Structure formats: C-alpha cells, structure tokens
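Residue-level listing of the chains:
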Amino acid sequence: GVIGASDNHDSRPGRTIWGHYPGGLAGFLAPELTREAIWQSLWNRRTYGTSMDRIYVEFTVNGAPVGAELEVDGPVRIAYEVIGQTDGVTVELVRNGAVIRSDETDDGMVRVEAEDQPDRASSWYYIRVLQDNGERAWTTPVWVASA
C-alpha cells in the first residue's frame, strides 16, 4: 500500500514541517483507533500517503476500499471524498496510469460518485489530490479484474 514518510531523525512524528526536510505522512483507514485495527489496515493496504498536509481521503470501487482486489462483470461504481487543508483542491481519478477524470473545488471538499468501464481484463484505479499550496496525496490502488 501507499504511505508517506519522512527520512529524517528529528523524532517528531507527524510534525515534519518543523524539520529541515519536510516529509510525508501515512494515512490509514481503520474502523477504530486500536493497535489491532491499525495493524489490519496496514496489512490490508487500506492506506494512503500525503506529501505533508493532513488531507482526508476516502476512495472506493464498488464499495471496496483502497487496497482491495475485485472481480467485476461490467462497469464499476467509483466514489471518493476528499477534504483538503486548503480551499483550492483538484482530485484526479487515475485508471491504469492515465487520468480519466479531474474535479476541482474552491471550498476544500470534493465528493464524487461516478461509473467507469475498465478498459482491460485487469485494471487498477487510484486518486491523486493536488492542493493549491503544492501539497499532494495519493491512495493505494484498487485492483479490478473483469470476469
């Protein structure tokens, strides 16, 4: 799964802005804030990374979260919600390495429900977030196999 992290020894987890070399942050999607739930979210690739800002991201394909592997017959339902740290946010939906949709907002929030037809027998989807301050976020993909 995708995560963000710094490569320094400042001993300030989550506070990389104060170091000499700002780094990324790892986000995880877990049903509760317990050691077991966090470990399971990491193990199951329910993760995303940010370049530094604390950007909130949820992304599903056919209701399955990031890191999932699906078998589908026909189009897929894609849903995502992003809450940025700045007002200017662009969210790009990526399929097999190509941007297939881009949504912009000036209020810091993007919510989308869409449908897409996978273009191969095996496809992968993820979203990329771009903020107007240059910070970014990326989700772990959802892998889709056509039945």
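That block above? That's the structure.
Quick look at the structure, then. Keep in mind that what you see is a predicted model, and the values were worked out from it rather than measured. The written sequence of each chain sets the order in which its residues are numbered from 1. Local features are withheld for residues below a pLDDT of 70 in this predicted model, meaning they are given only at 70 or higher, and side-chain atom pairs are given and counted only at 80 or more; totals for whole chains, interfaces and linings count all residues. Where side-chain values are given, they derive from all heavy atoms of the structure, hydrogens and water being excluded.

Pairs were defined over the aromatic rings of Phe, Tyr and Trp, the Trp ring being its six-membered one, requiring ring centres within 6.5 Å. Orientation was assigned from the angle between planes: stacked under 30 degrees, edge-to-face over 60, tilted for the rest. The tally for this structure, following the rule as stated, stands at three aromatic pairs. Seen in terms of ring centroids, Trp39 and Trp43 are 6.1 Å apart; in terms of plane orientation they differ by 35°. Their pairing is tilted. Here the residue Trp39 and the residue Trp43 both occupy positions in helix 1 (residues 35-43), the gap between them amounting to four residues, near one helical turn. Throughout this description, buried means an accessible area under 20% of the type-specific maximum (1.4 Å probe, protein chains only), exposed means over 50%, and partly exposed covers the range between. What makes Trp39 partly exposed here is its relative accessible area of 48%. Counting from the N terminus, the helices are the DSSP runs of H or I reaching at least four residues and the strands are the DSSP runs of E reaching at least two.

With that settled, the discussion passes to the environment of Trp124. Inspection of the secondary structure puts Trp124 in strand 10 (residues 122-131). Look past the residues within four positions of Trp124 in its chain and what remains in contact with it is Val94, Arg95, Asn96, Gly97, Pro141, Val142 and Trp143. We call two residues in contact when some of their heavy atoms are within 4.5 Å.

Structurally, the position occupied by Val112 is in strand 9 (residues 109-116). Note on Val112: relative accessible area 7%, which makes it buried. It is 7.8 Å that separates the C-alpha atoms of Val112 and Ile78, two residues lying 34 residues apart in sequence. Leaving out residues up to four positions away in the same chain, Val112 has contacts with Ile78, Ala79, Tyr80, Arg101 and Asp103.

Because side chains alternate across strand 3 (residues 56-61), one face comprises the buried residues Val57, Phe59 and Val61, and the other comprises Tyr56, Glu58 and Thr60, none of which is buried. Two strands form a pair only when DSSP identifies at least two bridges running between them. In the sheet, strand 3 pairs with strand 6 (residues 76-83) via six bridges, with the strands oriented antiparallel. By the bridge assignment for strand 6, Glu58 is matched with Glu81. As defined by bridge partners, strand 3 adjoins strand 4 (residues 64-65) across two bridges and the pair is classed as antiparallel. Paired with Thr60 across the strands is Pro65, a residue of strand 4. In this structure, the hairpin formed by strand 3 and strand 4 is closed by a connection of two residues, where Asn62 is found at a positive phi of approximately 55°.

Function-wise, these values are silent; they only describe arrangement.
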